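In case you want the letters, here they are:
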Amino acid sequence: MDAGLECIYCIVRKADSLFSKYEADKDKKLKFMKEVFKVVSMSEKGDTSPYLNSKIIEMLNNEFNLGDTYYEVKKEYNALAISMEEEILGFIYDSEDKLLTALKYAMIGNFIDFGAMDKVDIDELRKLIKDVPQQLIDAEEYEGFVEKLKNAGQIAYIIDNAGEIVFDKIFIKIIKEIYPNIIINVIVRGDPVYNDATIIDAKEVGLCNIANVVENGTAIPGTQLNKINMKSKEIIDDADLIISKGQGNFETLFGCGKNIYYIFLCKCDLFTKRFNIEKFKGVFVSEKNVKNIMYSK
């Protein structure tokens, strides 16, 4: 999905905010922001918002030698989510449909996103977790998903953020309990970008103990099929079913025509407009049905 006008505004604002965290000199900032505008102005058709964001982050890293700028944030939210894991599993096992309930928790976990938001309010996260039963999932879409699971031999599960990865681990655990013969391959980012999950996070939260986890070879906060490594591309191509988490993965994958189910919270104005729902409400939709609900009134 091409970066739209709203995305460009957001990219520029985010670049301004991040640069200002490390450098107060106005002349240096002006020079940097000119380079940001150059990247945006030279973007081509097919360049997604996550791809352009990755180029800006690369520029910041070159400027300040930052490394993994969200390392401590990722550890904090991984630990927070792990502290909730046992209680969440209890709610899932006590529910009438543990797969549906686990899906809702995976959806809520997408709130932990420092790419789409400047801060992640822990109190708001706790509220969203408490209100999980009120998150709506389209019944027909869910029934179709269950039928696909019943017939799937391999699943590609594309992770989004640290912290959120614990909610994904829980969802994967439940899928494996109900469908023990399914092979689940998990794809994470190849290098740090924002608070997106890498193999380090997967190991830290124990996801590598229950699924095969593969790095995608990029620092793009999404899954750009023409940029990821061959191993990840093969996993996606060979999968009977793909589960894609988060807005960035949606922006880079939508339109590819593969058998994908997208799960995310709408966290920015563009997405609330696209799907005509309130901020922090969830979307669970298959690739084939996205156009039926996008821009609906």
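See the structure printed just above.
The paragraphs below set out a description of the structure included in this document. The shown structure was predicted, so the numbers you read here are calculated from the model rather than taken from an experiment.

## Some details on the packing of aromatic side chains
Phase 1 of the analysis: Considering all chains together, one arrives at 20 aromatic pairs under this definition.
Phase 2 of the analysis: Both rings, one in F111 and one in F280, keep their centres 5.1 Å apart while their planes meet at 80°; by these two values the pair is edge-to-face. One end of the pair, F111, is in the loop between α5 (98-109) and α6 (122-130); the other, F280, is in the loop between α12 (269-275) and β6 (282-286), and 169 residues separate them in sequence. Taken individually, F111 and F280 each receive the classification buried, so the pair is uniform in this respect.
Phase 3 of the analysis: Judged by centre distance (6.1 Å) and plane angle (25°), the ring pair of F271 and F275 falls under stacked. One end of the pair, F271, and the other, F275, are both in helix α12, 4 residues apart, so they sit about a helical turn from each other.
Phase 4 of the analysis: Owing to a relative accessible area of 1%, F271 belongs among the buried residues under this scheme.
Phase 5 of the analysis: Joined through ring pairs, the aromatic side chains of F250, F254, Y262, F264, F271 and F275 make up one cluster.

## With respect to the layout of surface pockets
Phase 1 of the analysis: Of the pockets and cavities examined, the largest pocket occupies roughly 500 Å³.
Phase 2 of the analysis: Along its surface, the largest pocket is lined by 22 residues, and L136, I137, D138, F284 and I293 are the ones closest to its centre.
Phase 3 of the analysis: Counting only elements with at least two residues in the lining of the largest pocket, the list comes to α7 (139-151), β6 and α13 (290-293).
Phase 4 of the analysis: Looking at side-chain class alone, the lining of the largest pocket contains 9 nonpolar, 7 polar and 6 charged residues.
Phase 5 of the analysis: In this model, the second largest pocket occupies a volume close to 410 Å³.

## Focus on the pattern of salt bridges
Phase 1 of the analysis: What the rule picks out here adds up to 19 salt bridges.
Phase 2 of the analysis: With a closest N to O distance of 3.8 Å, K28 and E23 form a salt bridge.
Phase 3 of the analysis: Exposure remark for K28: the relative accessible area of 45% places this residue in the partly exposed category.
Phase 4 of the analysis: It is possible to trace a salt-bridge network through shared partners that takes in D68, K74 and D201.

## Digging into the packing of helix α2 (residues 26-41) against helix α3 (residues 49-64)
Helix-helix packing is characterised by the crossing angle of the two axes and by the distance between the axes.
Phase 1 of the analysis: Their axes nearest at 10 Å, the elements α2 and α3 cross at an angle of 155°. It follows that α2 is roughly antiparallel to α3 by the angle criterion. Along this stretch, α2 crosses α3, giving a crossing that reads as right-handed. The segment α2 lies against α3, with F32, E35, V36 and V39 engaging L52, K55, I56, M59 and L60.
Phase 2 of the analysis: Considered class by class, the residues forming the contact of α2 with α3 number 7 nonpolar, no polar and 2 charged.

## As for the packing of helix α4 (residues 71-94) against helix α8 (residues 164-178)
Phase 1 of the analysis: Axis separation between α4 and α8 bottoms out at 8 Å; the angle between their running directions is 35°. For the crossing formed where α4 meets α8, the hand is right-handed. Contacts between α4 and α8 pair N78, A81, I82, M84, E85, I88, L89, I92 and Y93 from the former with I165, V166, F167, K169, I170, K173, I174 and E177 from the latter.
Phase 2 of the analysis: Along the lines of polarity and charge, the residues of the contact of α4 with α8 split into 12 nonpolar, 1 polar and 4 charged.

## Here's the deal with the side chain of N249
Phase 1 of the analysis: Positionally, N249 belongs in helix α11 (residues 247-253).
Phase 2 of the analysis: Classification of N249 as buried rests on a relative accessible area of 0%.

Conventions we followed
- Residues numbered from 1 in each chain as written.
- Predicted model: local features only at pLDDT ≥ 70, side-chain atom pairs only at ≥ 80, totals over all residues.
- Heavy atoms only, no water.
- Phe/Tyr/Trp six-rings, centres within 6.5 Å; stacked < 30°, edge-to-face > 60°.
- Helix = DSSP H or I, 4+ residues; strand = E, 2+ residues; numbered from the N terminus.
- Buried < 20%, exposed > 50% of the residue type's maximum accessible area, 1.4 Å probe, protein only.
- 1 Å grid on protein atoms, 1.4 Å probe; cavity = no way out; pocket = protein on both sides within 12 Å on 5 of 7 lines; lining within 4 Å.
- Points joined across faces, edges and corners; volume = space filled by probe spheres on them.
- Nonpolar A, V, L, I, M, F, W, Y, C, P; charged D, E, K, R; others polar.
- Salt bridge = Lys/Arg side-chain N within 4 Å of Asp/Glu carboxyl O.
- Axes fitted to C-alpha atoms, helices over the stretch in contact; angles between N-to-C directions.
- Parallel < 35°, antiparallel > 145°, perpendicular 65-115°, else oblique.
- Left-handed = near helix turned anticlockwise from the far one by under 90°.
- Contact = heavy atoms within 4.5 Å.

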